[in-house]
Amino acid sequence: MTKVIVTVAPTGGMASKAQNPNLPTQPAEIAESVHKSWKEGAAIAALHARRPDDEATCNAEIYRDINRRIRERCDIILNNSTGGGSSGDMLVPRPDGLFESSFEERLKGCEAGAEMATFDGMTFADVHGGREILVVTTPSRCEALAKRMQERGIKPEWEVFGPQHILQDVTRLIEKGYDKPPYYINMVLGADKGFQGAMPYSHDILAAMIRILPPHSIFCVSGIGPAQLPATTQAILLGGHVRVGLEDNKYYSRGQLATNEQLVARTVRIIKELNHEPASPAEARDILGLKAV
């Protein structure tokens, strides 16, 4: 029976409590939500840190606090973001009126002892809160981030938003030896309204991206907003793994705000209905080649 890894993304770097009061932003809240999601079947926690004022950060001390609180409760795989978010410590004003995402802040996501970290190896514009934010990850910055992860013993979760991201720096860095197989590639679809260069979700787009994955890859699919349910269901049918949570989708159904554990529980039900099983954290570590805890 196929084992499907379920990742919960409880917070993200953009959503706010004003949009969904169930969004956990502080370490104790995040740990509680992740623990509930683990009990429902999540094997990986894709974590973003927030400051005490709920603004985005990659502060390593805050990440360490989150990681410690979660590890005290369960054995879920810890995956810290090096993307950060669209506010707070991540924003650097530019003289042209735009903002830039702080690369130095992003690097701090590697310093909190997580087993995995998200790797966004692309340059794009993030349109959020009336701001245009340049997320600049040039080839040399990709190299610096990949080296930092390798030095810290962190397995990258290669996060991509379109075919070009797979074919360019992700493939280049894999071929240079910055990761060991299997390569875990998370395809985020449906973010096109906020991220210039991101792709909408469709069956054909997802199928095309799967076909161009590097050899020895396994894939995860994240669908944004209403794309979450169909995209993750298609991923299961195509032999992949899935990410759900309030980072990507604030609603359980039209007009009904969700909790993280509700979204995980629904995904696990679908996995079982399709005659598969959710992977435990130990099984997911074995699939990904991570050390046991």
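Described below are features of the structure shown in this document. (Residues numbered from 1 in each chain as written. Predicted model: local features only at pLDDT ≥ 70, side-chain atom pairs only at ≥ 80, totals over all residues. Heavy atoms only, no water.)

1. Some remarks on the nonpolar core
No. 1: In terms of nonpolar packing, the biggest core is built from 62 residues, with Leu47, Ile70, Ile76, Phe119 and Met187 touching the most fellow members.
No. 2: For Phe119, the contacting residues outside a window of four places in its chain are Thr82, Cys142, Leu145, Ala146, Met149, Pro156, Glu157, Trp158, Glu159 and Leu173.
No. 3: Membership of the second largest hydrophobic core comes to 12 residues, among which are Ala43, Ile77, Tyr184 and Cys220. (Core = buried A, V, L, I, M, F, W, Y, C linked by side-chain atoms within 4.5 Å. Buried < 20%, exposed > 50% of the residue type's maximum accessible area, 1.4 Å probe, protein only. Contact = heavy atoms within 4.5 Å.)

2. Section: the environment of Ala60
No. 1: Residue placement: Ala60 occurs in helix α2 (residues 60–73).
No. 2: Looking at Ala60, the relative accessible area reads 13%, which means it is buried.
No. 3: Taking the C-alpha atoms as reference, Ala60 lies 5.7 Å from Glu111; in sequence the two are 51 residues apart.
No. 4: Aside from chain neighbours lying at most four places away, what touches Ala60 is Lys108, Glu111 and Ala112. (Helix = DSSP H or I, 4+ residues; strand = E, 2+ residues; numbered from the N terminus.)

3. Focus on the sheet that holds strand β15 (residues 217–223)
No. 1: In spatial order, the strands read β2-β3-β6-β9-β12-β13-β15-β16; together these 8 strands close into a barrel with parallel pairing. For this sheet, the mean inter-axis angle between neighbouring strands, taken without regard to orientation, is 25°.
No. 2: Judged from the 2 bridges that link them, strand β6 (residues 77–80) and strand β9 (residues 116–119) form a sheet pairing that is parallel. Residue Asn79 lies in a different strand from β9, and its bridge partner there is Met116.
No. 3: Of the strands in this sheet, β15 and β16 (241–244) touch helix α7 (residues 228–237), which is tilted by about 160° from β16.
No. 4: Helix-sheet contacts for helix α8 (residues 260–273) involve β2 (6–8) and β16, and the interaxial angle to β2 is about 170°. (Pairing = 2+ DSSP bridges. Axes fitted to C-alpha atoms, helices over the stretch in contact; angles between N-to-C directions.)

4. Points about the packing of helix α4 (residues 139–152) against helix α5 (residues 163–175)
No. 1: In the contact formed by α4 and α5, the axes pass within 11 Å of each other and the chain directions differ by 45°. When the interaxial angle is binned, α4 and α5 end up oblique. Two packed elements cross with a definite hand, and for α4 against α5 that hand is right-handed. Residues Pro139, Cys142, Glu143 and Ala146 of α4 touch α5, and the partners they reach there are Asp169, Arg172 and Leu173.
No. 2: Counted by class, the contact of α4 with α5 contains 4 nonpolar, no polar and 3 charged residues. (Parallel < 35°, antiparallel > 145°, perpendicular 65-115°, else oblique. Left-handed = near helix turned anticlockwise from the far one by under 90°. Nonpolar A, V, L, I, M, F, W, Y, C, P; charged D, E, K, R; others polar.)

5. Quick look at unusual backbone geometry
No. 1: For the bond running from Pro181 to Pro182, omega is 0°, close enough to zero to count as cis.
No. 2: Mapped onto the elements, Pro182 comes out in the loop between α5 and β13 (183–189).
No. 3: The backbone of Asp54 shows a phi angle near 75°, a positive value even though the residue is not glycine.
No. 4: Looking at the secondary structure, you find Asp54 in the loop between β4 (49–50) and β5 (56–57).
No. 5: For Asn275, which is not a glycine, the phi torsion comes out positive at approximately 65°.
No. 6: When you line up the elements, Asn275 lands in the loop between α8 and β19 (277–278).

6. Some details on the pattern of salt bridges
No. 1: Using the criterion set out here, one finds 26 salt bridges in the structure.
No. 2: Note that Lys176 is salt-bridged to Glu143, the shortest N-O span being 2.7 Å. Taken together, the positions of Lys176 in the loop between α5 and β13 and Glu143 in helix α4 put the pair 33 residues apart, joining distant regions of the chain.
No. 3: On the accessibility criterion, Glu143 (13% relative accessible area) is buried.
No. 4: Between Arg243 and Glu159 there is a salt bridge, with the nearest N and O atoms lying 3.1 Å from each other. Residue Arg243 is located in strand β16, and its partner Glu159 is located in strand β12 (residues 155–160); the two are separated by 84 residues in the primary sequence. Each of the two residues, Arg243 as well as Glu159, counts as buried. (Salt bridge = Lys/Arg side-chain N within 4 Å of Asp/Glu carboxyl O.)

7. Remarks on the packing of α7 against α8
Each pair of packed helices gets described by two things: the angle between the helix axes and the distance between those axes.
No. 1: At their nearest, the axes of α7 and α8 sit 11 Å apart, and the two run at 35° to each other. Relative to α8, the crossing made by α7 is right-handed. The segment α7 lies against α8, with Gln228, Leu229, Thr233 and Ile236 engaging Leu263, Arg266, Ile270 and Ile271.
No. 2: Its residues placed into classes, the contact of α7 with α8 shows 5 nonpolar, 2 polar and 1 charged.

Purely geometric stuff here, so don't read any function into it on its own.
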